[in-house]
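These are the residues of each chain, in order.
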Amino acid sequence: MTALAAPSFAARLKSDPLVRNSFFLMATTALGAGSGFVFWIVVARLYPPAAVGWASSLLSAVTLLSYFSGLGLSSSLVRYLPTTPSRAAHVSSALTSVAVTGTVLGAGFALVAPFVSPGLSFLSESVPEVVLFALLAMAVAQNLLTDSVFVALRAAKYNMLLNGVLMSAVKIALPVVFAGAGAIGIFLSSTVASAVAAAASILVIRQRLRIPVRPRVHPATLRSTLAYSLGNYASSCLNLLPLLLIPLLVLRSLGPEASAAYFVAFQIANFVNAVPFAVGEALFAEGSHEQEDLRQLAKRSALLILAIVLPAVSVTVALAKPVLALFGASYAADARNCLVVLAVSAFAVAFNTWSGFLLKVTRQLPAMNLSNLVYAGVTVGLAALGAQHDLVWIAAAWGVGNLASGLVAVAALAPRGLSSGGKGGSDEDRAHRQRRLRSRRRGA
């Protein structure tokens with residue numbers, strides 16, 4: 001059976017862009033999760049739990065800053081790059097805008113964070129430290145943005161090579177280099193690796209994809225996708241609120257050791273959660289190419305997600321204790337039940353992710369914002385109540401919040417059905433399609 005099935009999968013991998021993009025994105029996730037697993041094992045062995053707790057909260061904040069810096073432009077790139085005739089203008093404008101926003105937000109966080117949490121006072125002890133933090137936060141944002149370029153143009157193999165291989169290798173090597181530097185050493189190990197990947201990604205976009213990006217903003221290009229970008233930005237900000245607030249709730253209510261245990265459990269569970277996100281990104285890209293009926297695309301992507309998430313959850317639950325033991329005895333004791341609940345919650349995360357990407361493809365931005373508002377409100381609200389108890393309550397909040405959000409999204413999709421919003425697009429894209437239509441008519 002295996003010998004017969006392998007050629008079939010190989011053929012689909014070659015001919016089906018949904019499967020191919022999903023495969024490379026999941027391979028990127030697997031490599032990133034594997035390297036992250038090794039990274040945190042090394043960190044847990046070289047650094048004290050308190051340093052891991054502070055660093056994990058700081059890295060979570062930087063990740064969120066990078067998403068806030070994105071201005072919704074990642075979604076716009078995936079939505080419009082497949083059909084626009086002005087790829088260089090779109091990519092250059094997005095990279096430049098995110099560079100400015102990321103630097104400003106990074107500097108602002110470095111200046112404000114010590115007042116919120118005195119343990120982070122090292123971020124703003126001098127001007128060079130503020131500048132370094134701001135530039136690294138900007139680099140993380142740039143790396144996320146370039147990922148969207150590769151996804152949009154069905155070139156997710158570069159995500160795997162640059163993030164899965166290059167960034168992972170750098171990230172694993174650096175904790176040893178910065179050993180003894182405490183929380184800042186852990187922070188530098190992760191963010192410098194992202195900066196290396198961002199620089200390499202821009203080089204590949206220029207050399208391999210032949211998009212001549214420049215540090216320049218094209219106002220007309222930004223205006224043509226502004227409504228879609230801002231709608232996605234509002235939705236993304238709501239989606240990110242739990243990721244920003246819950247680690248701070250854990251740190252404040254349960255202490256840095258519990259924060260470290262929660263962070264490790266969440267990172268392991270994210271390996272499962274990344275599967276629906278990878279397939280959803282591929283679904284979003286394929287829906288934007290407008291080459292397949294969206295109902296069939298939605299069905300195929302749902303089956304693909306279920307086929308991978310079901311065994312992944314089973315394995316994570318079964319191996320929760322021995323996997324956590326690799327980080328140390330305290331992690332196995334404190335985080336096991338939390339990890340089990342987070343793993344089971346992956347079904348709700350998959351449901352919410354899949355339905356959310358369908359709202360993106362069909363451009364139902366008000367419904368997407370409502371769905372994410374429900375997600376943020378339910379998840380943070382339940383986590384705030386659970387923070388006075390233990391990590392299991394906080395883990396359960398993720399599952400309930402995602403389930404509620406997914407139900408709202410499906411309710412919004414049902415009356416309209418899965419008619420792709422692809423025939424719309426920006427004014428630039430509509431004009432481009434009209435020119436192509438006129439050209440075909442003249443040719444005929």
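The following paragraphs examine the structure supplied in this document.

The rules behind each value
Residues numbered from 1 in each chain as written. Predicted model: local features only at pLDDT ≥ 70, side-chain atom pairs only at ≥ 80, totals over all residues. Heavy atoms only, no water. Helix = DSSP H or I, 4+ residues; strand = E, 2+ residues; numbered from the N terminus. Contact = heavy atoms within 4.5 Å. Areas by Shrake-Rupley, 256 points an atom, 1.4 Å probe, with all protein chains shown as cover. Expected span 1.5 Å × (residues − 1). Bend = angle between axes of the 7 residues up to and from the residue. Buried < 20%, exposed > 50% of the residue type's maximum accessible area, 1.4 Å probe, protein only. Axes fitted to C-alpha atoms, helices over the stretch in contact; angles between N-to-C directions. Parallel < 35°, antiparallel > 145°, perpendicular 65-115°, else oblique.

### Side note on the overall build of the chain
Consideration 1: In terms of regular secondary structure, the chain is built from 18 helices and zero strands.
Consideration 2: Counting only contacts in the chain whose residues sit at least 6 apart along the sequence, the fraction spanning at least 24 positions is 81%.
Consideration 3: Accessible surface, the chain: about 18,900 Å² in total, of which carbon and sulfur atoms supply 68%.

### Observations regarding helix α7 (residues 157-177)
Consideration 1: Counted at 1.5 Å a residue, the expected span for α7 with its 21 residues is 30 Å, and the 29 Å between its end C-alpha atoms agrees.
Consideration 2: At Met167, α7 is deflected by roughly 30°, the largest bend along its length.
Consideration 3: The complete set of buried residues in α7 reads Tyr158, Asn159, Met160, Leu162, Asn163, Gly164, Met167, Ser168, Lys171, Leu174 and Pro175.
Consideration 4: The inward-facing, buried residues of α7 abut α2 (17-46), α6 (127-152) and α8 (183-207).

### A few points about the packing of α2 against α7
Consideration 1: Between α2 and α7, the least distance of the axes is 8 Å, while the angle of their chain directions is 5°. Considered as vectors, α2 and α7 are oriented roughly parallel to each other. Judged by residue contacts, Phe24, Leu25, Ala27, Thr28, Leu31, Gly32, Ser35, Val38, Phe39, Val42, Val43 and Leu46 of α2 engage Lys157, Asn159, Met160, Asn163, Gly164, Val165, Ser168, Lys171, Ile172, Pro175 and Val176 from α7.

### Considerations on the environment of Ala409
Consideration 1: Tracing the backbone through its elements, the reader meets Ala409 in helix α17 (residues 391-416).
Consideration 2: Put simply, Ala409 and Asn352 are 57 residues apart on the chain and 7.6 Å apart in space, counted from C-alpha to C-alpha.
Consideration 3: Non-local contacts of Ala409, meaning those with residues more than four positions away in its chain, are made with Ser355, Leu359 and Ser371.

### Concerning the environment of Ala107
Consideration 1: Turning to its location among the elements, Ala107 is positioned in helix α5 (residues 87-116).
Consideration 2: Separated by 20 residues in the primary sequence, Ala107 and Val127 have C-alpha atoms spaced 9.8 Å apart.
Consideration 3: Discounting residues that sit within four places of it in the chain, Ala107 has contacts with Val130 and Ala134.

### As for the environment of Glu129
Consideration 1: Locating Glu129 in the fold gives a position in helix α6.
Consideration 2: The class of Glu129 is partly exposed, set by a relative accessible area of 33%.
Consideration 3: Separated by 22 residues in sequence, Glu129 and Ala107 have C-alpha atoms that sit 9.5 Å apart.

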